[in-house]
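# Inside the fold
Spelled out, the chains give:
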Amino acid sequence: DHIVLDRTNRRSQLVTYKKAVQYLKDGVDLVTFAEGTRSRNGRLGSFKGGAFKMAETAGARIVPLSISYAADIQPLDYVFPIRRSRAIPGSVHVGMPITTEGKTDDQVVEEVFNAIAEHLPDSQKPEPGTPFSAK
């Protein structure tokens with residue numbers, strides 16, 4: 001099963017949020033992309049709060065995933081990965097789970113942001129001054 005988010009429909013967003021929280025409470029692991037979209041330059045961008053609110057509401061831990069060279073393997077405007085992807089050293093680093101318990105929203109977002117950025121190549125690290133959260 002999967003959860004679809006319609007960004008143009010506020011009611012759909014609320015239904016999606018509630019469904020995702022229930023999945024987490026039921027022990028289902030969800031994969032979300034906290035930036036909400038892919039960046040044009042391939043660098044880590046500011047996070048939106050929805051995924052963090054879901055984890056906090058459900059009491060779920062967050063497992064940071066750092067995906068290296070994703071923009072090189074599958075450029076933003078491509079439907080399918082490019083053929084030369086075998087020559088690109090793409091990888092996924094699975095970080096240690098991060099709990100939301102006893103932390104502010106900003107503390108959780110910053111901790112996850114830093115955990116992901118730490119394991120990205122320099123070409124994907126956030127630009128200096130990039131805020132952790134897009135508020």
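Here, the structure is the one placed above.
Quick summary incoming for the structure in this document. (Residues numbered from 1 in each chain as written. Predicted model: local features only at pLDDT ≥ 70, side-chain atom pairs only at ≥ 80, totals over all residues. Heavy atoms only, no water.)

In terms of regular secondary structure, the protein chain is built from four helices and two strands. Relative to the compact-globule value of 14 Å for 135 residues, the protein chain shows a C-alpha radius of gyration of 16 Å, a close match. Sorting the 135 residues of the protein chain into buried and exposed places 27% on the buried side. A fraction of 63% describes how many contacts in the protein chain between residues 6 or more apart in sequence connect residues 24 or more apart. Surface exposure of the protein chain reaches about 9400 Å², of which carbon and sulfur atoms provide 53%. Across the protein chain, the mean location of the 18 positive side-chain charges is 6 Å away from that of the 16 negative side-chain charges. (Helix = DSSP H or I, 4+ residues; strand = E, 2+ residues; numbered from the N terminus. Rg over C-alpha atoms; globule rule 2.2 N^0.38 Å. Buried < 20%, exposed > 50% of the residue type's maximum accessible area, 1.4 Å probe, protein only. Contact = heavy atoms within 4.5 Å. Areas by Shrake-Rupley, 256 points an atom, 1.4 Å probe, with all protein chains shown as cover. Lys, Arg positive; Asp, Glu negative; His and termini not counted. Charge placed at Lys NZ, Arg CZ, Asp CG, Glu CD.)

Before going further, it helps to spend a moment on helix 1 (residues 10-25). The terminal C-alpha atoms of helix 1 lie 23 Å apart, and with 16 residues this matches the ideal 22 Å at 1.5 Å per residue to within 8%. Lining the buried residues of helix 1 we find helix 2 (50-58). At the N-terminal end of helix 1, a side-chain oxygen is found 2.9 Å from the backbone nitrogen of arginine 11, two or three residues along, and the residue is asparagine 9. One or two steps after helix 1, the chain reaches glycine 27, where phi turns positive at roughly 90°. (Expected span 1.5 Å × (residues − 1). Polar contact = N/O pair within 3.5 Å; in protein donor to acceptor, adjacent residues only side chain to side chain.)

Moving on: the packing of helix 1 against helix 2. Viewed as axis vectors pointing N to C, helix 1 and helix 2 meet at an angle of 45°, and their least axial separation amounts to 9 Å. As judged from the angle between their axes, helix 1 and helix 2 are oblique. The way helix 1 lies across helix 2 gives a crossing that is right-handed. Counting all contacts with helix 1, which are made through Tyr17, Ala20, Val21, Leu24 and Lys25, the residues of helix 2 involved are Gly50, Lys53, Met54, Ala55, Thr57 and Ala58. (Axes fitted to C-alpha atoms, helices over the stretch in contact; angles between N-to-C directions. Parallel < 35°, antiparallel > 145°, perpendicular 65-115°, else oblique. Left-handed = near helix turned anticlockwise from the far one by under 90°.)

Its 14 residues place the ends of helix 4 (residues 105-118) 20 Å apart at the C-alpha level, agreeing with the 20 Å of an ideal helix rising 1.5 Å per residue. When we look at burial in helix 4, the residues that qualify are Val108, Val109, Val112, Phe113, Ile116 and Ala117. Projected down its long axis, helix 4 carries its buried residues within an arc of 155°, all on one side. Taken together, the buried residues of helix 4 touch helix 2 and strand 1 (65-68). (Arc of directions from axis to C-beta.)

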